[in-house]
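# Reading the structure
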Number of protein chains: 2
Amino acid sequence: MNISKFVTPEIIFGKYSIKQAGEACLRLGAKKVLIVSDQGVANAGWLEKVMKHCSDSNLPFATFTDVTINPKDTEVIDGCRTYLHNECDAIIGVGGGSVLDVAKAIAILATNGGSICDYEGIDKIDFPLPPLLMIMTTAGSGSEVSQFSVIVDSKRKKKMTIISKSLVPDIAIVDPMTLSTKDSSLTAITGMDVLTHAIESYVSIAATPLTDVQAKNALNLVSAYLRPSVASKTNEEAKEAMAMASLQAGLAFSNAILGAAHAISHAIGGNYSLSHGEINAILLPYVMDFNFIAAPKRFTEIAECMGIDTRTLTQREAGNAAISFVKELSVDIGIPKQLQKIDISNELINSISQKALEDACMITNPRDMNLEQVKTLLKNVL
Amino acid sequence: MNISKFVTPEIIFGKYSIKQAGEACLRLGAKKVLIVSDQGVANAGWLEKVMKHCSDSNLPFATFTDVTINPKDTEVIDGCRTYLHNECDAIIGVGGGSVLDVAKAIAILATNGGSICDYEGIDKIDFPLPPLLMIMTTAGSGSEVSQFSVIVDSKRKKKMTIISKSLVPDIAIVDPMTLSTKDSSLTAITGMDVLTHAIESYVSIAATPLTDVQAKNALNLVSAYLRPSVASKTNEEAKEAMAMASLQAGLAFSNAILGAAHAISHAIGGNYSLSHGEINAILLPYVMDFNFIAAPKRFTEIAECMGIDTRTLTQREAGNAAISFVKELSVDIGIPKQLQKIDISNELINSISQKALEDACMITNPRDMNLEQVKTLLKNVL
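Note that the structure is predicted; figures quoted are calculated from it, not measured. (Residues numbered from 1 in each chain as written. Chains lettered and ligands numbered in written order. Predicted model: local features only at pLDDT ≥ 70, side-chain atom pairs only at ≥ 80, totals over all residues. Heavy atoms only, no water.)

## Considerations on the relation of the copies chain B and chain A
With an RMSD of 0.0 Å, the operation that places chain B on chain A is a rotation of 180° combined with a shift of 0.0 Å along the axis. Given the turn and translation reported, the copies of this chain are related as if by a two-fold rotation axis. (Least-squares fit on C-alpha atoms with pLDDT ≥ 70 in both.)

Right under this line is the structure:
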């Protein structure tokens, strides 16, 4: 085993933990905080709650809520302007992956300047970021604990993966009650993102014993609780389990990185305004099938975490059972089998495939992948 | 579930990771570092290695190596003098639990002043500590990742448990190669400490899903690898597994705290110069038996982590099997069944039992314990 590094924020987990937002931010030394969010989170009432908890702690704040799905570099610039104009010195993100990724990207620009494109790739951030408190409201992106921020370069129509230890928030607040306002479709999509994080990080070439325990536990929880979580907004046991699954999968992939599903998903998401979780869900079984020969034993372990009895199965059979499990889960919770509404030219397939190969997540995929293989895989899901 | 907090340092794990000591310390902003160690670690060559890695990184240092087993408040004062006299601004601990606990306690005095006794208990540290880099050379105390420091108050002959988030090091380096210089007896004793951490944190009333995964994985690893690790200095697979077990048990107990075995062990260790790990190992089966009725299901899960097939067992039988497992493991690796060389009066039993009840670790023991019950348990092991 090589030398492995494992970084996490301080984690505050539990029902109603959102109440600690103001106090936690004060602990980080904040004098005035920028609260980053989006309209959906605001409509669900969570933004207002965070504002109230800051007020209760006598912590002044400004807000920035112009974040969209697959957020763009231009949104980061606008957010950074709001941060500087209001003389903030700390950032709270309250929302799903898009919001938290923008909150992190604003932090980069706030103290490092330049264009957000300058930071694409691994370890490009030189100066310390302002204190970051991330409150996640989807289970989900894992951004509340990860060293990732993914932002669309609007000129190149490319999702840029920014990876840096500086992006690990200081504090992550995970309050399962925030999941009670998600509709079933969003619960399904974000839940499949969690599953993809767990599986890709478990077979990543950068996996370590520390990331493995997190990935396996996340896999256990998603396998048991995603269906009931999609079925009911008020199933608190399922919400709590999915919040924990998201967190643990986040800890796993933040430190073990991801693989081909995310690399291709980022490349597609840069061109089409499709949900990241849905693209991942559709790609995942194909990527698992492609990757199987790189790590047959790991795929047997994945099947076991899903609750499959592998004792009488060959490794290939166990791998297939795991792939079938993912497909059946997708069907049960209403994920389509193919990418919808995409009219795609051969030229665009070429360009997306090329971008996928250049994505930082491709580096840790357990099986080498060439352009033709990406294109073949891509054609399967169109 | 209540709101739970989980704090960890940045972790650097792997063979030869000790080489990163200087560079990691520079990253923390150190200009001159105090390296805390002891004679055993110096004799084994690890102190010299760390000094070399600091020199290689052009990081000036001073050293303090006057740390003993069950380290005392007076050693902390001496270490702090060395820190201040040499105008250090960061601390490296390289050694086992005693060394790392002293390194942390020096850090407390360096920026908070007063007497180390002022900080006994939970959350008594007001001011930020200097950057802390902990390099563990036993598997072990878990101090490299924990928010604990245990120091003997030489006047009261009492081990003081100091618990504070400030004590979580900034960076922990865990290099399994450092375990290759431990003799079999130290490997056995420190390994049983790991087992005690895993079991006590798993049944602690402050256990959370995040600590549970760490505790269970540590339990798996100790159950499988402690015997071979004691058997051979050069079994690298076993050393790596025990280093990981120590780290994970440390993450578990740092965040879930411990129980009666540690509370009583601290009380004994304040009066007698016996090894902490050995006292724990001897107490553990008795504490498990006492605690069983508080968490029968958890004891079944503990048995399963040990590799025991519990499917045909009642909860009581599974609990007994787990207790037997601990006893057999102790016998196999040469741990005595009773505390040796202690000539103890009834008065002293009273005083030790009283101190045990006051120890911070007793708060999270799953079963309430009164003075008579501590005394009865104590008499079993004398």
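## Some thoughts on the UniProt feature "domain: Alcohol dehydrogenase iron-type/glycerol dehydrogenase GldA" (unreviewed entry) in chain A
The sites that UniProt annotates as "domain: Alcohol dehydrogenase iron-type/glycerol dehydrogenase GldA" (unreviewed entry) are residues 9-176 of chain A. Between the C-alpha atoms that bound residues 9-176 of chain A the distance is 18 Å, and the span itself is 31% helix and 24% strand. (UniProt positions renumbered as here; feature names shortened; annotations may be inferred. Helix = DSSP H or I, 4+ residues; strand = E, 2+ residues; numbered from the N terminus.)

## Considerations on the side chain of E75 of chain B
All names here are of chain B. Note on placement: E75 falls in helix 4 (residues 73-85). Comment: no salt bridge for buried E75; closest opposite-charge side chain is K72, at 4.1 Å. Excluding anything up to four places from it in sequence, E75 contacts F64, D66, V67 and T68. (Buried < 20%, exposed > 50% of the residue type's maximum accessible area, 1.4 Å probe, protein only. Lys, Arg positive; Asp, Glu negative; His and termini not counted. Salt bridge = Lys/Arg side-chain N within 4 Å of Asp/Glu carboxyl O. Contact = heavy atoms within 4.5 Å.)

## Quick word on the layout of surface pockets
The gaps left among the atoms become clear once a water-sized probe is rolled over them. Taken as a whole, the second largest pocket holds about 1,500 Å³ of empty space. If you go around the second largest pocket, you meet 42 residues; those closest to its centre are V213 and K216 of chain A together with K216, N217 and N220 of chain B. Within the residue set of the lining of the second largest pocket, elements represented by two or more residues are helix 7 (209-231), helix 8 (236-256) and helix 11 (296-305) of chain A together with helix 7 (209-231), helix 8 (236-256) and helix 11 (296-305) of chain B. Ranked by residues supplied to the lining of the second largest pocket, first place goes to helix 7 of chain B with 9 residues. Its residues placed into classes, the lining of the second largest pocket shows 20 nonpolar, 5 polar and 17 charged. (1 Å grid on protein atoms, 1.4 Å probe; cavity = no way out; pocket = protein on both sides within 12 Å on 5 of 7 lines; lining within 4 Å. Points joined across faces, edges and corners; volume = space filled by probe spheres on them. Nonpolar A, V, L, I, M, F, W, Y, C, P; charged D, E, K, R; others polar.)

## Some words on the domain arrangement of chain A
All names here are of chain A. As far as domains go, chain A holds domain 1 (10-178) and domain 2 (182-380). Listed by partner, the interface residues are 29 residues for domain 1 and 37 residues for domain 2. Here domain 1 and domain 2 share an interface that buries about 2,600 Å² over both sides, 62% of which is from carbon and sulfur atoms. The interface formed by domain 1 and domain 2 contains 1 salt bridge. One can count 9 residue pairs in polar contact (both at pLDDT 80 or more) joining domain 1 with domain 2. Counting only elements with at least two residues in the side of domain 1 that touches domain 2, the list comes to strand 2 (10-13), strand 8 (148-153) and strand 9 (158-163). The biggest single contributor to the side of domain 1 that touches domain 2 is strand 9, with 4 residues. (Domains from an automatic or database assignment. Buried area = accessible area lost by both parts, 1.4 Å probe. Polar contact = N/O pair within 3.5 Å; in protein donor to acceptor, adjacent residues only side chain to side chain.)

## Topic: the pattern of salt bridges
Per the stated rule, a full pass over the model turns up 28 salt bridges over all chains. Put simply, D309 of chain B and R311 of chain B hold a salt bridge, and the shortest N to O gap is 2.9 Å. Residue R311 of chain B is classed as exposed on the basis of its relative accessible area of 66%. Among the charged side chains, a network of salt bridges with common partners joins E120, D153, R156 and K158 of chain A.

## Some points on unusual backbone geometry
Residue and element names in this part refer to chain B. Not every positive phi belongs to a glycine, and N58 is a case in point at roughly 55°. Secondary-structure assignment places N58 in the loop between helix 3 (46-56) and strand 4 (61-64). The class of N58 is exposed, set by a relative accessible area of 69%. Despite not being glycine, E87 has its phi angle at roughly 50°, a positive value. What makes E87 exposed here is its relative accessible area of 67%.

## Re the sheet that holds strand 6 (residues 121-122) of chain B
Strand pairing within a sheet occurs via backbone hydrogen bonds; the two strands may be parallel or antiparallel. Residue and element names in this part refer to chain B. Spatial strand order, 6-9-8: 3 strands in an open sheet with mixed pairing. Of all the strands in the sheet, just strand 6 and strand 8 (148-153) have a single pairing partner and so form its edges. Relative to strand 9 (residues 158-163), strand 8 is paired through 6 bridges, and the arrangement is antiparallel. In the strand pairing of strand 9, F148 is matched with I163. (Pairing = 2+ DSSP bridges.)

## Some points on helix 8 of chain B
Helical geometry: 3.6 residues make up each α-helical turn, so side chains three or four residues apart lie on a common side. All names here are of chain B. The end-to-end C-alpha separation of helix 8 is 30 Å, in line with the 30 Å expected for 21 residues at 1.5 Å each. In terms of residue burial, helix 8 counts as a mostly covered element, since 19 of its 21 residues are buried. The distance from a side-chain oxygen at the start of helix 8 to the backbone nitrogen of E237 is 3.3 Å, and the residue carrying that oxygen is N235. Trailing helix 8 by a residue or two, I257 shows a phi angle of about 60°, which is positive. (Expected span 1.5 Å × (residues − 1).)

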